[in-house]
Amino acid sequence: MEEIAVAVADDLVVLRSLGGASDETIDRSAAPVRLGELERAGARWVWADTRELYPELLRAGVRLERCVDLRLCHAILAASTYLAEPLQSSDTFWDRSPAELLEDEQPTLLARPMERADLDQVVAEHRLQTAAVADSPHRHRLRLLLAAESAGALIAAELHHHGLPFDVAVHDRQLTELLGPKPRFGGRPAVLEGLLGEIRTALGQPGLNPDSPPELLRALHTVGLDATSTRQWELSKLDHPAIAPLLTYKKLSRLLSANGWGWADQWVRDGRFRPEYVPAGVVTGRWATRGGGALQIPKLLRGAVTAEPGWRLVVADAAQLEPRVLAAMASDHRLARAARGGDLYQGLVDEGVVETRAKAKVAMLGALYGATTGESGQLMPRLIKAYPRATGLVEDAARAGERGEVVTTWLGRSSPRPGPWWYEGQNAASQPEAGPTEQRRARQQARDWGRFTRNFVVQGTAAEWALCWMADLRNRLATLGPPDDRPYLVYFLHDEIIVHTPDRLADQAEHSVREAAHTATRLMFGDFEIDLALDLATVTSYAETEPAADIAAELETSEESLEPVDQTGWSAQA
DNA sequence: ATCCATAGCGCC
DNA sequence: AGGGCGCTATGGAT
């Protein structure tokens, strides 16, 4: 496989085969054709930032199979405790994280062009990274992580390029059903207007604006309700005729402002919702998104996500991904046994750890998030007794965070350190003259950071699994059908994917989704027996998955066949 | 007019 | 008094 370094200037693209030496300079407009040729000859692309060039290649119909996104990889390697020596670039160009760069890109008047690396910088950084990884005691894990991260960069661009099929007519119908018809000249829809009247009457405040929390709070006080906030869960405990319409109003008003007609006008074009995906936009390695709030499409509106005629949606999510990943990380065979089958929480009940599924869920999430009080905190001792290895792993991560240390995911993404103020606070509190307030605050801050690091290792490793899953899936799908008529990814959200597939290939797409999950599990955890169960459905509308998934989670356990999987094409295996 | 922090709620 | 986000409206500050 030939590695080709790529640097982008304004109108030019420079290529250098890392096996040879001579550069090739082409017009940017010629890049799709030239890169397409080299791609077919088996190139792997090495560049500073996938976003520099890949979107326009996609627009020109060129899909690439493999790349190294040096900036994303640098961010990992600059922090990873898996490196024997910290990555030392003398070139500060690479110090700027992807997230930082995105800040710059905010659509302002001063929109600066993206900072660019030249070809020598690209080649030097690639050498540096390759050498650093080769020296690492965990080189296999790091190579897998970097391959997955880079594949993610390609996938993110492709997801944006394709967009999620979204039917604005269905969306309009749903909104109309819930809110009343779209107001023709602005203003509130009829249903909201009606609720507003009820609220104002019940509270005796004809001019009340319930969208203003302080104003609403004052109004509640005047009718003798002593609420301390206007949060849903607090309001719902109050007994007053205004409460019911108020809660409905808040829900619908939220829906209107976040995902109403205006939202659809702004974000849906030509039947596709195209958020921008930001790989590693979250410190744990999860992706972020920009635009349209793609991380929070309300379940209420998922019916508007529909396959095109002759196509279907394969919707899959990894059930209870985080506790399963934790079991594998900790080699906790007993937790892995509870995870066998579709429902890990039910597994805890069957193993006699807790009495009900609901308790199992609360206890497990409490362990992952660091709950100390309430029902979850009460259940912790039983969880610790039953699963000392799994709980021990997250406890260790929490303790490390409380000491201000760095923790690292399974494949090698390390946590940031708290800011200087955090260490100063800890230091001050440990002095003999420190006051009780000072000490209490420092302990609080230590525990807060511990909860972050506790969750970091699990959330981050789950994100790695999801990346491996998607990367392998992408390659499998690329082998099905001709380019214009084959399944492709259209959505990703932490542990859930949607594939848009021609009807006739739906079965193969489903199969690929399962196989990719097995591959991801095997690549990350080798022979450790852990079942990463998928909830999977082929549907016409995204909404069809919801009730089924809920019922399945409550009542059933689905069996997964563990078939052997073959070689993967995207990861750097040793 | 524009920036910023906060409250609140949606998702995992 | 549970981890991670994005987004909107509000209201005070500039």
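Above this text sits the structure in question.
Residues numbered from 1 in each chain as written. Chains lettered and ligands numbered in written order. Predicted model: local features only at pLDDT ≥ 70, side-chain atom pairs only at ≥ 80, totals over all residues.

> Just to check I follow, could you spell out the overall build of chain A for this structure?
The helix and strand tally for chain A stands at 22 helices and 14 strands. Taking the principal axes of the C-alpha coordinates as reference, chain A spans close to 80 × 65 × 55 Å. By the burial criterion, 41% of the 574 residues in chain A qualify as buried. Counting contacts in chain A only where the partners sit at least 6 residues apart, residues at least 24 apart contribute 67% of the total. (Helix = DSSP H or I, 4+ residues; strand = E, 2+ residues; numbered from the N terminus. Buried ≥ 20, exposed ≤ 12 C-beta atoms within 10 Å, placed from the backbone. Contact = placed C-beta atoms within 7 Å.)

> Explain the sheet that holds strand S4 (residues 43–47) here, please?
Pairing between the strands of a sheet is mediated by backbone hydrogen bonds and can be parallel or antiparallel. Pairing in this open sheet of five strands is mixed, and the strands run S3-S2-S1-S4-S5 from one edge to the other. The two strands at the open ends of the sheet, each matched to only one other strand, are strand S3 (23–27) and strand S5 (67–69). When the angles between neighbouring strand axes are averaged without regard to direction, this sheet yields 25°. Both strand S1 (residues 2–8) and S4 contribute to a ladder of five bridges, which runs parallel. Bridged to Ala5 within S4 is Val46. (Pairing = 2+ DSSP bridges. Axes fitted to C-alpha atoms, helices over the stretch in contact; angles between N-to-C directions.)

> Even after reading the chapter, I still don't get the protein's contact with DNA strand C, so can you show me in this structure?
Close to DNA strand C lie 34 residues, the nearest being Asp211, Ser212, Ala288, Gly293 and Arg451. Of the residues forming the surface near DNA strand C, the biggest block, five residues, is contributed by helix H20 (residues 436–477). The class makeup of the residues in the surface near DNA strand C is eleven nonpolar, 18 polar and five charged. (Near = placed C-beta within 6 Å. Nonpolar A, V, L, I, M, F, W, Y, C, P; charged D, E, K, R; others polar.)

> What's the story with the protein's contact with DNA strand B in this structure? I'm lost.
Taken together, the neighbourhood of DNA strand B is formed by 16 residues, with Ser229, Thr230, Arg231, Gln232 and Gln296 sitting nearest. Element by element, the count of residues in the surface near DNA strand B is highest for helix H11 (residues 243–259), at three residues. The residue inventory of the surface near DNA strand B, partitioned by class, reads four nonpolar, five polar and seven charged.

> Please explain unusual backbone geometry as it appears in this structure.
Among all residues save glycine, negative phi is the norm, and among peptide bonds the norm is trans. In this model, Asp270 sits at a positive phi of 50°, which is unusual for a non-glycine residue. Structurally, Asp270 can be placed in the loop between strand S7 (268–269) and strand S8 (272–273). Take Asp270: there are 7 C-beta atoms within 10 Å of it, and that puts it in the exposed class. Not every positive phi belongs to a glycine, and Gln320 is a case in point at roughly 45°. Mapped onto the fold, Gln320 is located in the loop between strand S11 (311–318) and helix H13 (321–329). Under the C-beta neighbour-count criterion, Gln320 is labelled buried, with 25 such atoms within 10 Å.

> What's the story with the nonpolar core in this structure? I'm lost.
Across soluble globular proteins, you tend to see nonpolar side chains buried next to one another. Within the largest apolar cluster, 139 residues are counted, with the highest numbers of intra-cluster contacts made by Val6, Met470 and Val513. At 17 residues, the largest contribution of residues to this core is made by H20. Counting the residues that make up this core, at least three belong to each of domain 1 (2–162) and domain 3 (323–463). Sequence-distant contacts of Val6, that is, excluding residues within four places in its chain, are made with Val13, Leu15, Trp45, Val46, Trp47 and Leu53. Counting 15 residues, the second-largest nonpolar core is a separate cluster that includes Leu195, Leu216, Leu220 and Tyr249. (Core = buried A, V, L, I, M, F, W, Y, C linked by C-beta atoms within 7 Å. Domains from an automatic or database assignment.)

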